[in-house]
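# Analysis of the macromolecular model
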Amino acid sequence: MDKELLAMLVCPLCQGKLKYDRQRGELKCHFDGLAYPIRDDIPVMLEEEARVMDVDEKLHKRAGPGDAQPGAAS
Ligand SMILES: [Zn+2]
């Protein structure tokens, strides 16, 4: 995926930023809990084509650098 293209893409529902899942080849909107497929390097930004993420997937947040708080885990 082209990084510049990625930066331009927003969720068609909430206009929020999408997160590229390289492993699955999907663009995810965690706000809506939808994962948009990428077919032949072309993102399919259609709600009806999007996969609904399961709850665990939605809750899973990858902490960014600086977010990690050593010792904060309970
Ligand atoms: Zn969205």
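Along each chain, numbering runs from 1 in the same order as the chain's sequence is written. Local features in this predicted model are restricted to residues whose pLDDT is 70 or higher, and side-chain atom pairs enter the listing and the counts only when it is 80 or higher, whereas totals over whole chains, interfaces and linings include all residues.

- As named in an unreviewed UniProt entry, the protein is UPF0434 protein GCM10023342_01880, taken from Modicisalibacter zincidurans.
- UniProt positions are given in the numbering used here, feature names are shortened, and annotations may be inferred rather than shown by experiment. Annotation of the protein in UniProt includes, under Sequence similarities (unreviewed entry), the sentence "Belongs to the UPF0434 family."

## Section: the environment of Met-8
- The residue Met-8 is located in helix α1 (residues 3-8) in this model.
- Exposure is read from a count of other C-beta atoms within 10 Å of each residue's own; the residue is exposed at 12 or fewer, buried at 20 or more and partly exposed in between. C-beta atoms are placed from the backbone. In this structure Met-8 comes out as exposed when scored by C-beta crowding, with 8 C-beta atoms within 10 Å.
- Note: C-alpha distance between Met-8 and Leu-18 (ten residues apart in sequence) is 9.4 Å. The way it works is that DSSP assigns letters per residue, a run of H or I at least four long becomes a helix, a run of E at least two long becomes a strand, and they are numbered from the N terminus.

## What about the pairing of strand β3 (residues 34-39)?
- For two strands to count as paired, DSSP must find a minimum of two bridges between them. Looking at chain direction, strand β2 (residues 26-29) and β3 are connected through four bridges and run antiparallel. Pairing of Lys-28 across the sheet is with Ala-35, part of β3.
- Remark: four residues form the turn of the hairpin made by β2 and β3, two consecutive strands paired antiparallel; Gly-33 in that turn has positive phi of roughly 70°.
- In this structure, β3 lies alongside strand β5 (residues 51-52), joined through two bridges in antiparallel fashion.

## A word on the nonpolar core
- Cys-11, Leu-18, Leu-27, Cys-29, Leu-34, Ala-35, Tyr-36 and Ala-50 together form the largest nonpolar core, which totals eight residues.
- Of all the elements in the fold, those that place two or more residues in this core are β2 and β3.
- The greatest single-element share of this core, amounting to three residues, is contributed by β3.
- Not counting chain neighbours up to four residues away, the residues in contact with Leu-34 comprise Cys-29, Glu-47, Ala-50, Arg-51, Val-52 and Met-53. In these notes, a nonpolar core means any group of buried Ala, Val, Leu, Ile, Met, Phe, Trp, Tyr and Cys residues linked to one another through C-beta atoms within 7 Å. Distance between backbone-placed C-beta atoms decides contact: two residues are in contact if it is within 7 Å.

## Here we look at the pairing of β2
- By the alternation rule, side chains of β2 split into Glu-26 and Lys-28 and Leu-27 and Cys-29, which are all buried.
- When strand β1 (residues 19-21) meets β2, the two strands line up antiparallel, connected through three bridges. By the bridge assignment for β2, Lys-19 is matched with Lys-28.
- Linkage of β1 to β2, two consecutive antiparallel strands, is achieved through a turn of four residues, within which Gly-25 is found at a positive phi near 70°.

## Overview of unusual backbone geometry
- Phi angles above zero are rare outside glycine, and Gln-15 is one such case at about 60°.
- Residue position: Gln-15 is located in the loop between α1 and β1.
- Of note in the backbone geometry, Asp-41 takes a positive phi value of approximately 70° without being a glycine.
- Mapped onto the elements of the fold, Asp-41 is located in the loop between β3 and β4 (42-43).

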